[in-house]
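The residues making up each chain are set out below.
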Amino acid sequence: MSSVPPAPGAAAAPEGAPSAAALSRADQLAARIEAALPAGLIRVANRTGEVTFEVRPAQLLAAATALRDALEFEMCMDVCVVDYLQHGRAEWKTEHATLSGFSRGVARGMTSGGDERPGRRFGVSYHLLSIANNQRLRLKVYCEDDDQPAVDSVTGIWASADWFEREAFDLFGVMFRGHPDLRRILTDYGFIGHPFRKDFPLIGNVEVRYDPEKRRVVYQPVTIEARVLVPKVIRHDNRYNAELTAAPAASIAPVTPLTAPPPPAPPAPTVAASTAAASAPPASAKT
């Protein structure tokens, strides 16, 4: 079989490298990104097959500009933040939860897990779209300071990130340096804290109500009582007994379907009743 010669001016593939036809569309995109930014991005493996790269905070703006101009990712579809506090290391921090209830996906018997390095608590993900190539990309950056998380704003590169970054600041407390109008967008102006952080109480800190005497909405400490978490108890059920469910089909008696009984037949007339009805005189007509 004769091989097709490469196009004029095309760079020859290194020896041992897979051909372009053998690579999937996602792998081809990843190869293009690694060629354009060889020292700025680190590919992150995932089970979904989505192309994901991690960038250092100092190189975020340079990488974002190259992705927009050189690789035609002209749209930022969303900006998301993940709080990795106690991720993979413990269950939910509650008052009355035991190790046997309300699991957080922690492997039993493990003493530690996740990433305990400083500067890995808050991860900011940018979901990018290339309309020209019909491809998507996730760009991820971690905030260097866990106590005061902050990264550079990409509103100068993608204007659509304006309200996305405001939402991330409101719910997670991540500061975006250079944002033109970084203020809350979902919570109230007097709200204290950031409700999507893992260390924020689930019942909140304050609540609002209408005071009929003052004729206005007032703030007060939250009055919701903390719910006592009780582990789920798994009881034995004979319906799921292995000895019963594994019984052969021949030994199980067929179940008779339930049908409605037929209506009762009307009683047959007796001979005495028929003779009395025949011998009775006809009723006289009224005059």
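See the structure shown above.
A brief structural summary. (Residues numbered from 1 in each chain as written. Predicted model: local features only at pLDDT ≥ 70, side-chain atom pairs only at ≥ 80, totals over all residues. Heavy atoms only, no water.)

## Remarks on the nonpolar core
For clarity, the cut-off: Here, nonpolar core refers to any group of buried Ala, Val, Leu, Ile, Met, Phe, Trp, Tyr and Cys residues whose side-chain atoms link them within 4.5 Å. Only protein chains enter the calculation, and the probe is 1.4 Å; a residue is then buried if its accessible area is under 20% of its type maximum, exposed if over 50%, and partly exposed in between. Secondary structure follows DSSP: runs of H or I at least 4 residues long count as helices, runs of E at least 2 residues long count as strands, and numbering of each begins at the N terminus. The contact criterion used throughout is that any non-hydrogen atoms of two residues lie within 4.5 Å.
The biggest cluster of nonpolar side chains holds 35 residues, and the ones touching the most others in it are Val124, Tyr126, Leu128, Leu139, Val151 and Val174. Elements supplying a minimum of two residues to this core: α1 (25–36), β2 (52–55), α2 (60–69), β3 (75–83), β4 (122–130), β5 (135–142) and α3 (161–172). If near-sequence neighbours (up to four positions away) are discounted, valine 124 is found in contact with Val79, Cys80, Val81, Leu139, Lys140, Val141, Cys143, Val151, Val174 and Phe176.

## Topic: the layout of surface pockets
Note the threshold: Put plainly, a pocket is an open set of points on a 1 Å grid over the protein atoms alone with protein on both sides within 12 Å along at least five of seven lines, a cavity is a set where a 1.4 Å probe fits but cannot get out, and a lining residue has an atom within 4 Å of a point. Grid points are joined across faces, edges and corners, and a volume is the space filled by probe spheres set on the points. Classification used: nonpolar for Ala, Val, Leu, Ile, Met, Phe, Trp, Tyr, Cys and Pro, charged for Asp, Glu, Lys and Arg, polar for all others including Gly.
As a volume, the second largest pocket reaches approximately 210 Å³. Residue lining of the second largest pocket: 13 residues in total, with Glu50, Val51, Arg136, Leu137 and Arg138 positioned closest to the centre. For the lining of the second largest pocket, the secondary-structure elements that each account for two or more residues are α1, β4 and β5. Examining the composition of the lining of the second largest pocket, we find that four residues originate from one element, β5, more than from any other. For the lining of the second largest pocket, the class distribution of residues is six nonpolar, three polar and four charged.

## Remarks on the state of the cysteines
Let me state the cut-off plainly: Cysteine sulfur atoms are paired as a disulfide whenever they fall within 2.5 Å.
For the structure shown, the criterion picks out zero disulfides. Here cysteine 76 stays free of any disulfide, with the sulfur of cysteine 80 as its closest cysteine sulfur at 9.1 Å. Look at cysteine 80 and you get partly exposed, because its relative accessible area is 27%.

## So, a nonpolar patch on the surface
Keep this limit in mind: Candidates for patches are residues over 30% relative accessible area with no salt bridge; among them, like charges are joined within 9 Å and nonpolar side chains (Val, Leu, Ile, Met, Phe, Trp, Tyr) within 5 Å. Calculation of accessible area relied on Shrake-Rupley with a 1.4 Å probe; when residues are assessed, cover is drawn exclusively from the protein chains displayed. Salt bridge, as applied in this entry: a Lys or Arg side-chain nitrogen positioned within 4 Å of an Asp or Glu carboxyl oxygen.
On the surface, Val206, Val208, Tyr210, Val217 and Tyr219 cluster together into a nonpolar patch covering about 500 Å² of accessible area. Looking at the nonpolar patch, the elements that each hand over two or more residues are β8 (206–211) and β9 (216–221). Per-element tally for the nonpolar patch: the top contributor is β8, with three residues. With relative accessibility at 49%, the residue valine 217 sits in the partly exposed group.

## Description of the pairing of β9
Our working rule: Any two strands with at least two DSSP-identified bridges between them are counted as paired.
Across six bridges, β8 lies against β9 in antiparallel orientation. Residue valine 206 lies in a different strand from β9, and its bridge partner there is proline 221. Adjacent in sequence and paired antiparallel, β8 and β9 are bridged by four residues, among which arginine 215 carries a positive phi angle near 60°.

## Re the side chain of aspartate 152
Position of aspartate 152 among the secondary structure elements: in strand β6 (residues 150–152). In contact with aspartate 152, not counting residues within four places along its chain, are Pro57, Leu60, Leu61, Tyr126, Phe176 and Arg177.

So yeah, pure geometry; function would need other evidence.
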